[in-house]
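Listed below, chain by chain, are the residues.
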Amino acid sequence: MSTLAPLRLLREPSNASEGNQSNATVGAGGGWCQGLDIPNELFLALGLVSLVENLLVVAAILKNRNLHSPTYYFICCLAVSDMLVSISNLAEMLFMLLLEHGVLVMRPSIVRHMDSVIDMLICSSVVSSLSFLGVIAVDRYITIFYALRYHSIMTLQRAVVTMASVWLASTVSSTVLITYFRSNTILLCLIGFFLFMLVLMLVLYIHMFALARHHLHSISSQQKPPTAHRGGSLKGAVTLTILLGVFFICWGPFFFHLILIVTCPTNPFCTCFFSYFNLFLILIICNSVIDPLIYAFRSQELRRTLREVVTCSC
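In this text, all values refer to a predicted model and were calculated from it rather than measured experimentally.

Caption draft 1: View of the overall build of the protein. Helices and strands together make up the secondary structure of the protein, namely twelve helices and zero strands. For the protein, the sequential pattern of α-helices and β-strands runs α-α-α-α-α-α-α-α-α-α-α-α. Looking at the protein residue by residue over its 314 residues, the buried ones come to 45%. When the accessible surface of the protein is split by element, carbon and sulfur atoms take 67% of a total near 16,200 Å².

And the structure:
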């Protein structure tokens, strides 16, 4: 898969020469360093599936007034962010294919502008998607530990301010990233942001997991444990484990790739790792496919509305 300007540099660090890359292939096991050839059709297929899934989530939330609450607004924003991931991937793919096959003929200056626009969309979608994952974690934490005060803490006005702040910050940060994409400082900021989100989600979800385990232990210690409550606690604990696992598996390799670019761009084993960049992009797109299944489709009310939306559209 061809990537545009800044993403191409993320794939192959500017200070890693061809000589170093060839040495990496010899020194670290030639076959392993060849990377993974991922067909363009897979990128397109995953992008389309993610686009349809998240579009249905947005349509269902907008349609059903019962879902007009801060929690579902945050889920809606996450769906929009994931849609941007899909749209930017599809736009990049189609743009590059049209140029490569000579169907689209454009001046180099216009191509560079298109590069910047698509890359800005990609970076903005990545930052906003990560941000809303963190916002949803905080919202769930407040729901569990401050249930009686939730509506006074998470008011509609605060939710709107939070959403607007995330979109503004994502736009600004993506603009800075595209402008100064050669700077390691920018990469360090992006890595720091990911680590902050990872730690935030880890702390909040572990605390919620501990609460679910405590409830399960309390119920089990009773003479006649209610099976339904025990199942609910176990389900909540499993859900939190899945959330953290999916987040780390889908986002971890890409940001580990960025860490290696900063710390060891010419190391033979690092350059071998760089050759799997397309796989890391696929994992991010897979995260956009999985997010609706974890955050949205588990809601019975939302599933009912989705059926109505699909039925009407058919």
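Caption draft 2: Seen up close, helix H7 (residues 156–179). Between its terminal C-alpha atoms H7 stretches 35 Å, which fits the 34 Å expected from 24 residues at 1.5 Å a residue. Restricting attention to buried positions, one finds in H7 the residues Ala-159, Met-163, Val-166, Ser-170, Ser-174, Leu-177 and Ile-178.

Caption draft 3: Structural context of the packing of aromatic side chains. What the rule picks out here adds up to nine aromatic pairs. Between the aromatic rings of Phe-194 and Phe-247, the centroid separation amounts to 5.8 Å while the plane-to-plane angle is 15 degrees, which identifies the pairing as stacked. Of this pair, Phe-194 sits in helix H8 (residues 184–220) while Phe-247 sits in helix H9 (residues 227–263); the two residues are 53 residues apart in sequence, bridging distant segments of the chain. Summarising the aromatic geometry, the rings of Phe-194 and Phe-255 are spaced 4.2 Å apart at their centres and angled 5 degrees between planes, so their arrangement reads as stacked.

Caption draft 4: Here's a closer look at the pattern of salt bridges. The full count for this structure, using the stated rule, is two salt bridges. Across the pair Glu-308 and Arg-304 runs a salt bridge whose closest N-O atoms are separated by 2.7 Å. In this pair, Glu-308 and Arg-304 both sit in helix H12 (residues 300–313), four residues apart, roughly one turn of the helix. The class for Glu-308 is partly exposed, based on a relative accessible area of 32%. With relative accessibility at 34%, the residue Arg-304 sits in the partly exposed group. Each member of the salt-bridge network shares a partner with another, and the members are Glu-301, Arg-304 and Glu-308.

Caption draft 5: Quick look at the side chain of Asn-64. Considering the arrangement of structural elements, one finds Asn-64 in the loop between helix H3 (40–63) and helix H4 (70–100). Each residue touching Asn-64, except ones within four places of it in the same chain, is listed here: Glu-301, Arg-304 and Thr-305.

Caption draft 6: Representation of the state of the cysteines within the structure. All told, the structure shown has one disulfide when counted by the stated rule. The disulfide partner of Cys-264 is Cys-270, and the gap between their sulfur atoms is 1.9 Å. The chirality of the disulfide connecting Cys-264 with Cys-270 is left-handed, given an S-S dihedral of about -80 degrees. Classification of Cys-270 by relative accessible area gives buried; the value is 7%. Of the cysteine sulfurs around Cys-77, a residue in no disulfide, the closest is that of Cys-76, at 5.9 Å.

Caption draft 7: Region of interest: helix H11 (residues 277–296). For H11, which comprises 20 residues, the first-to-last C-alpha distance of 29 Å matches the rise-based estimate of 28 Å (1.5 Å per residue) to within 8%. The largest bend along H11 measures about 35 degrees and falls at Ile-290, with the proline Pro-292 one to four residues further on. For H11, a buried count of 16 out of 20 residues is recorded, marking the element as mostly surrounded by other parts of the structure.

Caption draft 8: Just the nonpolar core, in detail. Counting 76 residues, the largest nonpolar core has Phe-247, Trp-251, Tyr-295 and Leu-302 as the members making the most contacts within it. Excluding residues that lie within four positions of it along the chain, Tyr-295 makes contacts with Ile-75, Leu-78, Leu-133, Ile-136, Arg-140, Met-201, Tyr-205 and Leu-243.

Caption draft 9: Expanded view of the UniProt feature "transmembrane region" (unreviewed entry) in the protein. As annotated by UniProt and renumbered to match this structure, "transmembrane region" (unreviewed entry) occupies residues 42–62, 74–97, 117–138, 159–179, 185–212, 233–261 and 273–297. The span residues 74–97 shows a helical share of 100% and a strand share of 0%, and its end C-alpha atoms are spaced 35 Å apart. Between the first and last C-alpha atoms of residues 185–212 the distance is 40 Å; the span itself is 100% helix and 0% strand.

Caption draft 10: Layout of the environment of Val-58. Of note, Val-58 is situated in helix H3. For Val-58, a relative accessible area of 11% translates into the label buried. Val-58 has contacts with Cys-76, Ala-79, Val-80 and Met-83, leaving out every residue within four places of it along the chain.

Caption draft 11: Quick look at the environment of Ile-285. Structurally, Ile-285 is set in helix H11. Counting along the chain gives 238 residues from Ile-285 to Gly-47, while the straight-line C-alpha distance between them is 6.8 Å. The contacts of Ile-285, once residues within four sequence positions are left out, are Phe-43, Leu-46, Gly-47, Val-85 and Asn-89.

Reading the values: rules and limits
Residues numbered from 1 in each chain as written. Predicted model: local features only at pLDDT ≥ 70, side-chain atom pairs only at ≥ 80, totals over all residues. Heavy atoms only, no water. Helix = DSSP H or I, 4+ residues; strand = E, 2+ residues; numbered from the N terminus. Buried < 20%, exposed > 50% of the residue type's maximum accessible area, 1.4 Å probe, protein only. Areas by Shrake-Rupley, 256 points an atom, 1.4 Å probe, with all protein chains shown as cover. Expected span 1.5 Å × (residues − 1). Phe/Tyr/Trp six-rings, centres within 6.5 Å; stacked < 30°, edge-to-face > 60°. Salt bridge = Lys/Arg side-chain N within 4 Å of Asp/Glu carboxyl O. Contact = heavy atoms within 4.5 Å. Disulfide = S-S within 2.5 Å. Bend = angle between axes of the 7 residues up to and from the residue. Core = buried A, V, L, I, M, F, W, Y, C linked by side-chain atoms within 4.5 Å. UniProt positions renumbered as here; feature names shortened; annotations may be inferred.

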